[in-house]
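The primary structure of each chain is shown beneath.
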Amino acid sequence: MYDIIIVGAGPAGISAAVYAMSRGKKTLLLERQAVGGIIGKVSTVTHYPAIVENETGATFAARLKAQALAAGAELVYENVQSVKLSGDVKQVVTDKGIYEGKKLILANGTTPRKLGIPGEKELAGKGMDMNAAAHGEQYRGRSVYVVGGADGAVKEAIYLSKLAAKVTIIHFEEKLGTIPEFRRKVEAAPNIEVLLNARLAAVYGEEQVEKLDIRDERDGSIRTVEDSGCGIFVYAGATPNTEMYTELELEDGYIPVNEKMETGLPGVYAAGDIRVKQVRQVATAVADGAVAAINAAMG
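Residues numbered from 1 in each chain as written. Predicted model: local features only at pLDDT ≥ 70, side-chain atom pairs only at ≥ 80, totals over all residues. Heavy atoms only, no water.

A. Representation of the packing of helix H1 (residues 11–22) against helix H2 (residues 57–71) within the structure. Two elements in contact, H1 and H2, have axes whose closest approach is 9 Å; the angle formed by their N-to-C orientations is 20°. With respect to each other, H1 and H2 are oriented roughly parallel. Considering how the two elements wind past one another, H1 and H2 form a crossing that is left-handed. Contacts between H1 and H2 involve Pro11, Ile14, Val18 and Met21 from the former and Leu64, Gln67, Ala68 and Ala71 from the latter. Within the contact of H1 with H2, the residues separate by chemical class into seven nonpolar, one polar and no charged. (Axes fitted to C-alpha atoms, helices over the stretch in contact; angles between N-to-C directions. Helix = DSSP H or I, 4+ residues; strand = E, 2+ residues; numbered from the N terminus. Parallel < 35°, antiparallel > 145°, perpendicular 65-115°, else oblique. Left-handed = near helix turned anticlockwise from the far one by under 90°. Contact = heavy atoms within 4.5 Å. Nonpolar A, V, L, I, M, F, W, Y, C, P; charged D, E, K, R; others polar.)

Okay, structure coming up:
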């Protein structure tokens, strides 16, 4: 029996674990893949207080993990399959076991959204749906395409511009939805082209991407670009990982909470990107985790 079980070891989950352990609570962290979540896969971490110089998602995630383990939290890599949220004892069923706890903090974030276009599934890992931090180097001197116009997409495009011969940002709106800092860097990069009012409509190839279709959102016309061996990096938003939380009322798939991070069920908290909130950043995730753990420890 645990005092607090935390689902997800991203910044929100790690923060919750550190605060829970500081209050003497027996704490279990359940993580499906790797500590850090989405932030662990980005090329660079920006705008977070006191980050080290040249901070990458991998280095940031490594320190998150080290801090949680140093605090004494138990970290288990298992895939959560179902949960029982109601009642005094919460139950979490994974692919390897069953865990029970008095309090539960849901911090398992979001999953990057797929485009659902022809060729996406078949070419995944073969040039399509690549990760800039992990795969950018293999496209040094080649051309790459970044799908998306928000901060996360544009930041990865800027990183890739230092490696690739050419970076093309494909965004469906009339202008990039990014902060002025990133917009200035895009404008200053000689090898970044921005295609607005455009969508990636299809990709073709077998062992690598050979060509791609780009649709003009204004008139629906399709332009086919032949670019053998290019890389395509997709940052088209995310979907909250809330499918198994059927006992909770959701808002657009996200979990509503109060200022204590409490959900509608006693003893169940939500923190980070998975909850209803205005700003989804590492800074707000760690704040959520701290608030959730402190209140869970008090109850």
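B. Region of interest: helix H4 (residues 151–160). Where burial is concerned, most of H4 is hidden: seven out of the 10 residues are buried. Looking at H4, one finds that the buried residues are Ala153, Val154, Lys155, Glu156, Ala157, Ile158 and Leu160. Those residues of H4 that are buried lie in contact with helix H3 (132–135), strand S8 (143–147), strand S9 (166–170), helix H5 (180–188), strand S10 (192–195) and strand S14 (231–234). (Buried < 20%, exposed > 50% of the residue type's maximum accessible area, 1.4 Å probe, protein only.)

C. How the structure looks around the side chain of Glu156. Its place among the elements puts Glu156 in helix H4. At a separation of 2.9 Å, a polar atom in the side chain of Glu156 contacts the side chain of Ser43. Aside from chain neighbours lying at most four places away, what touches Glu156 is Val42, Ser43, Thr44, Ala132, Ala133 and Tyr235. (Polar contact = N/O pair within 3.5 Å; in protein donor to acceptor, adjacent residues only side chain to side chain.)

D. Structural context of unusual backbone geometry. In this model, Ala50 sits at a positive phi of 70°, which is unusual for a non-glycine residue. Its identity is not glycine, yet Asp129 carries a phi of approximately 60°, on the positive side. Mapped onto the secondary structure, Asp129 falls in the loop between strand S7 (110–112) and H3.

E. The arrangement of the packing of H1 against helix H6 (residues 282–298) in detail. Where H1 meets H6, the closest approach of the two axes is 7 Å, and the angle between their N-to-C directions is 35°. The handedness of the crossing between H1 and H6 comes out as right-handed. Along its contact with H1, which presents Pro11, Ala12, Ser15, Ala16, Tyr19 and Ala20, the element H6 presents Val282, Ala285, Val286, Gly289, Ala290, Ala293 and Ile294. Residue classes in the contact of H1 with H6 are distributed as 11 nonpolar, two polar and no charged.

F. View of the sheet that holds S14. The four strands are arranged S10-S9-S8-S14 in an open sheet whose pairing can be described as parallel. Both outer strands of the open sheet, S10 and S14, are each paired with one neighbouring strand and no more. Within this sheet the neighbouring strands show an average axis-to-axis angle of 20°, counted without direction. As paired strands, S9 and S10 are joined by four bridges and run parallel to one another. Each bridged residue has a counterpart across the sheet, and for Thr168 the counterpart in S10 is Glu193. (Pairing = 2+ DSSP bridges.)

G. Seen up close, the nonpolar core. Counting 30 residues, the largest nonpolar core has Ile6, Ile14, Leu29 and Ile105 as the members making the most contacts within it. Among the secondary structure elements, those contributing two or more residues to this core are strand S1 (2–7), H1, H2 and H6. Those residues in contact with Leu29 that sit more than four places away from it in its chain are Ile6, Gly8, Ala9, Gly13, Ile14, Ala17, Ala68, Glu74, Leu75 and Val76. Core analysis: the second largest hydrophobic core is formed by 20 residues, Leu85, Val92, Leu248 and Leu265 among them. (Core = buried A, V, L, I, M, F, W, Y, C linked by side-chain atoms within 4.5 Å.)

H. Summary view of the pairing of strand S13 (residues 222–226). Where strand S12 (residues 209–216) meets S13, five bridges bridge the pair, whose relative direction is antiparallel. Across the sheet, residue Asp213 finds its bridge partner in S13, namely Thr224. Here S12 hands over to S13 after five residues, with Gly220 in that stretch at a positive phi of 80°.

I. Structural context of the pattern of salt bridges. Tallying each qualifying case throughout the model produces 12 salt bridges. Of the charged contacts, one joins Asp3 and Lys102 as a salt bridge, the two residues approaching to 3.4 Å between their closest N and O atoms. Here Lys102 lies in strand S6 (residues 98–106) and Asp3 lies in strand S1, a separation of 99 residues in the sequence. Residue Asp129 is joined to Lys114 by a salt bridge in which the shortest nitrogen-to-oxygen separation is 2.4 Å. One end of the pair, Asp129, is in the loop between S7 and H3; the other, Lys114, is in the loop between S7 and H3, with 15 residues separating them in the sequence. Sharing partners across several salt bridges, the network here consists of Arg199, Arg215 and Glu217. (Salt bridge = Lys/Arg side-chain N within 4 Å of Asp/Glu carboxyl O.)

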